[in-house]
Amino acid sequence: MKIAVASDHAAYQLKDFVVNYIREKGHSVVDFGPESGERSVDYPDYADKVCKSVTTGDSDFGVLLCGTGIGMSIAANKYRGVRAALCLFPEMAELARRHNHANVLVLGGRLIGSELAGWIVEAFLASTEEGGRHQVRVDKLETGPSGDRVNGN
Ligand code: RB5
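All values derive from a computational prediction rather than experimental measurement.

Cut-offs and rules
- Residues numbered from 1 in each chain as written.
- Predicted model: local features only at pLDDT ≥ 70, side-chain atom pairs only at ≥ 80, totals over all residues.
- Heavy atoms only, no water.
- Salt bridge = Lys/Arg side-chain N within 4 Å of Asp/Glu carboxyl O.
- Helix = DSSP H or I, 4+ residues; strand = E, 2+ residues; numbered from the N terminus.
- Buried < 20%, exposed > 50% of the residue type's maximum accessible area, 1.4 Å probe, protein only.
- Core = buried A, V, L, I, M, F, W, Y, C linked by side-chain atoms within 4.5 Å.
- Contact = heavy atoms within 4.5 Å.
- Expected span 1.5 Å × (residues − 1).

K.L.:
Mind showing me how you'd approach the pattern of salt bridges here?
P.N.:
Oppositely charged side chains are able to pair whenever their charged atoms sit close together. Evaluated as defined, the whole model comprises 7 salt bridges. Glu94 serves as the salt-bridge partner of Arg98, at 2.6 Å between the closest nitrogen and oxygen. Placement of both Arg98 and Glu94 in helix α4 (residues 90-98) is noted, with a separation of 4 residues, approximately one turn of the helix. Glu94 gets classed as partly exposed once you look at its relative accessible area, which sits at 31%. Put simply, Arg97 and Glu129 hold a salt bridge, and the shortest N to O gap is 3.4 Å. Here the residue Arg97 occupies a position in helix α4, and Glu129 occupies one in the loop between α5 (114-126) and α6 (133-143), the gap between them amounting to 32 residues. Taken together, the salt bridges that share partners define one network made up of Glu94, Arg98 and Glu130.

The following block contains the structure:
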């Protein structure tokens, strides 16, 4: 699989770990940066790169990291077709894929260590969408319950 990854400065080190971890698992990674954690950057700029890669189909999944993961989650979920899930445990990542059909995993670099991050990434990539009743709910995320768009983007 091809995975798009980006962070801000606050999660640069964990991003580096995650990029290598995913590559070691045999997947291809597009690293959208930043190239170091020395300069302060704005997380929406990096969410944009990963979300566009996922929604155009260039990447199968995205991984976004910031200090808490909250800013990246808010930014990513503004993009139509992106279902970004901030996960603190492997169980959350598994269910985000199975039930919410998440296509972007979000991690908080100031909240979790690299070992836990690896388990979360592994759970996310190993889990598949269940479809069925979950697909009905996921469809409503895009259209709203009555077919009206709930967001303007
Ligand atoms: C950067 O200091 C921090 O605000 C950012 O990484 C993130 O946690 C925002 O949600």
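K.L.:
What's the story with the nonpolar core in this structure? I'm lost.
P.N.:
Looking at soluble globular proteins, one finds that nonpolar side chains tend to be buried together. Core analysis: the biggest nonpolar cluster contains 26 residues, and Val18, Ile22, Val63, Leu105 and Leu107 have the highest contact counts within it. What Val63 contacts, discounting residues up to four positions off in sequence, is Ile3, Ala4, Val5, Ala6, Val18, Ile22, Val50, Leu105 and Leu107.

K.L.:
Help me understand α5, please; the structure alone is not making it clear to me.
P.N.:
Structural remark: α-helix, 3.6 residues per turn; residues separated by three or four positions point the same way. Given a rise of 1.5 Å per residue, 13 residues ought to cover 18 Å, and the 18 Å separating the end C-alpha atoms of α5 matches this to within 8%. Within the span of α5, buried status applies to Ala117, Gly118, Ile120, Val121, Ala123, Phe124 and Leu125. Its buried side turned inward, α5 meets β1 (2-7), α1 (12-24), β3 (61-66), α4 and β5 (104-108).

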